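# Commentary on secondary and tertiary structure
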Amino acid sequence: SFASTLRALSWIAGKHAVASDEAIYSDVGNAAWVTTLDHMALTRWVALPFTEVHQLPDGRILGLARDGVYEVDASATVDVEVRTGATDFGLINVKALRSGYVSALSDTPIELDTVRGTRAGAVATTYRPAVYGMGVTSQYRVVFGRGREARYWAFAVRNTDGAKITIQDLRVVPLIGDRRV
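Here's a quick rundown of the structure. (Residues numbered from 1 in each chain as written. Predicted model: local features only at pLDDT ≥ 70, side-chain atom pairs only at ≥ 80, totals over all residues. Heavy atoms only, no water.)

Attention now moves to the environment of Phe155. Along the chain, the position of Phe155 falls in strand E13 (residues 153–158). Phe155 sits 42 residues away from Asp113 along the chain, and the two C-alpha atoms are 5.4 Å apart. (Helix = DSSP H or I, 4+ residues; strand = E, 2+ residues; numbered from the N terminus.)

Rendered as structure tokens:
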């Protein structure tokens, strides 16, 4: 039962936690959704090695996997990617992109993907702004390649080498074409 599993976790961790019927995280499909209420943004975590995650009274986090119980290490490196949904910027015209701006804090280079189109016809291009490691949130300018046009655009920002990253803002100004789709 869940309560006996939690008691076993507590014993393994060397603490006596009060059994609870609520896990911090529980999903047999090894994926989790996190919501940022300030911006109503959804983040999906995939390929998590745990089916359940529990927090002990002393603050330590334990994960239950099919092959055992693990203490979660908050210092581990994690590859992070934040994706936007596809947008037509409120217009049916074809748009091109010349530059964009990402406000972020990272010790390693960040990557920005632009995705033209939707579904099977989507084409992604990766850009890597050159400025990083300043110790404060900085605005990175990204100059996009010329000649790429689409009605719908989506974007993804990610860290490299599992470094910590804080993304504050992403701004892209489209150049609106005369042609409508």
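The next point concerns unusual backbone geometry. Excluding glycine, a negative phi dihedral is what most residues carry, and trans is how most peptide bonds are arranged. The residue Phe89 is not glycine, and still its phi comes out positive at about 55 degrees. On the secondary structure map, Phe89 appears in the loop between strand E7 (81–83) and strand E8 (93–106). Of note, Arg119 is a non-glycine position whose phi angle comes to about 55 degrees, a positive value. Inspection of the secondary structure puts Arg119 in the loop between strand E9 (111–116) and strand E10 (123–127). A residue is classified by how much of its surface remains accessible, and Arg119, at 80% relative accessible area, is exposed. (Buried < 20%, exposed > 50% of the residue type's maximum accessible area, 1.4 Å probe, protein only.)

Another point: the pattern of salt bridges. All chains considered together, the criterion is met by 7 salt bridges. When the shortest N-O distance is used, the salt bridge between Glu111 and Arg128 registers 3.1 Å. Here Glu111, found in strand E9, pairs with Arg128, found in the loop between E10 and strand E11 (138–143); they are 17 residues apart in sequence, far enough to count as distant. Here the residues in one salt-bridge network are Glu81, Arg83, Glu111, Asp113, Arg128 and Arg158, joined through shared partners. (Salt bridge = Lys/Arg side-chain N within 4 Å of Asp/Glu carboxyl O.)

Tracing the backbone shows Ala150 in strand E12 (residues 149–150). Remark: the alpha-carbon pair of Ala150 and Asp88, spanning 62 residues in sequence, is separated by 8.6 Å. Contacts of Ala150, omitting those with residues within four sequence positions, involve Asn93, Val94, Lys95, Arg116 and Gly117. (Contact = heavy atoms within 4.5 Å.)

Relative accessible area serves as the criterion here: at 16%, Glu111 is assigned to the buried category. Within the structure, the side chain of Glu111 is placed 3.1 Å from the side chain of Arg128, a separation counted as a polar contact. Here Arg158 takes part through its side chain, which lies 2.7 Å from a polar atom of the side chain of Glu111. The contact partners of Glu111, leaving out residues within four places of it in the chain, are Thr126, Tyr127, Arg128, Ala156, Val157, Arg158 and Thr160. (Polar contact = N/O pair within 3.5 Å; in protein donor to acceptor, adjacent residues only side chain to side chain.)

This part covers the nonpolar core. By size, the foremost hydrophobic cluster in this structure holds 15 residues, and its most contacted members are Leu97, Val102, Ile110, Leu112, Phe144 and Phe155. Not counting the four nearest positions on each side in its chain, Leu112 is found in contact with Val102, Thr125, Thr126, Tyr127, Val142, Phe144, Phe155, Ala156, Val157 and Leu170. (Core = buried A, V, L, I, M, F, W, Y, C linked by side-chain atoms within 4.5 Å.)

Going through the model one piece at a time under the given rule, you end up with 1 aromatic pair. Between the aromatic rings of Tyr127 and Phe144, the centroid separation amounts to 5.2 Å while the plane-to-plane angle is 75 degrees, which identifies the pairing as edge-to-face. One end of the pair, Tyr127, is in strand E10; the other, Phe144, is in the loop between E11 and E12, with 17 residues separating them in the sequence. A relative accessible area of 14% places Tyr127 in the buried class. (Phe/Tyr/Trp six-rings, centres within 6.5 Å; stacked < 30°, edge-to-face > 60°.)

Geometric descriptors of this kind do not, in isolation, establish any biological role.
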